[in-house]
Amino acid sequence: MRIITHACPSCGTVVAANELESRRVMKCPGLHCEEVHRFADLDAEEREHFLENRDQYRL
């Protein structure tokens, strides 16, 4: 299992790929940050790996 995350370009808050995949579009959880994150923000290879191994990333 790999840890796949996305860092907010505005505030640096880290968001897990499983959160991005389940919501597809979400407001940054960073304090006072209005950035919007999307599952598509992950690299294509990371998205593909996550989707192919989705069962490993369940909480």
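The structure displayed is predicted, hence computed values, not measured ones.

### A look at the overall build of the chain
Argument step 1. A tally of helices and strands in the chain yields two helices and four strands.
Argument step 2. Helices and strands in the chain line up, N terminus first, as β-β-α-β-β-α.
Argument step 3. In terms of overall size, the chain behaves like a compact globule, its C-alpha atoms giving a radius of gyration of 11 Å where 59 residues would be expected to give roughly 10 Å.
Argument step 4. On the principal axes, the C-alpha backbone points of the chain span a range of 35 × 25 × 15 Å.

### Structural notes on the side chain of His 49
Argument step 1. Tracing the sequence through the fold places His 49 in helix α2 (residues 44–52).
Argument step 2. Looking at His 49, the relative accessible area reads 17%, which means it is buried.
Argument step 3. Setting aside its immediate chain neighbours within four residues, His 49 contacts Arg 2, Ile 4 and Tyr 57.

### Considering the confidence of the model for the chain
Argument step 1. Residues with a pLDDT of 70 or more make up 98% of the chain, whose mean pLDDT is 91.
Argument step 2. Within the chain, the element-level pLDDT minimum falls on helix α1 (residues 17–23), averaging 90, and the maximum on strand β4 (residues 36–38), averaging 96.

### Observations concerning the side chain of His 6
Argument step 1. With respect to the helices and strands, His 6 occurs in strand β1 (residues 5–7).
Argument step 2. Polar side-chain contacts of His 6 include one of 3.4 Å to the side chain of His 37.
Argument step 3. Once residues within four sequence positions are removed from consideration, His 6 is found in contact with Thr 13, Val 14, Val 15, Leu 20, His 37, Asp 41 and Leu 42.

### Focus on the environment of Arg 38
Argument step 1. Structurally, Arg 38 can be placed in strand β4.
Argument step 2. Residues Arg 38 and Arg 24, spaced 14 residues apart in sequence, show a C-alpha to C-alpha distance of 5.3 Å.
Argument step 3. Non-local contacts of Arg 38, meaning those with residues more than four positions away in its chain, are made with Leu 20, Arg 24 and Val 25.

Definitions and cut-offs
Residues numbered from 1 in each chain as written. Predicted model: local features only at pLDDT ≥ 70, side-chain atom pairs only at ≥ 80, totals over all residues. Heavy atoms only, no water. Helix = DSSP H or I, 4+ residues; strand = E, 2+ residues; numbered from the N terminus. Rg over C-alpha atoms; globule rule 2.2 N^0.38 Å. Buried < 20%, exposed > 50% of the residue type's maximum accessible area, 1.4 Å probe, protein only. Contact = heavy atoms within 4.5 Å. pLDDT = per-residue confidence, 0-100. Polar contact = N/O pair within 3.5 Å; in protein donor to acceptor, adjacent residues only side chain to side chain.

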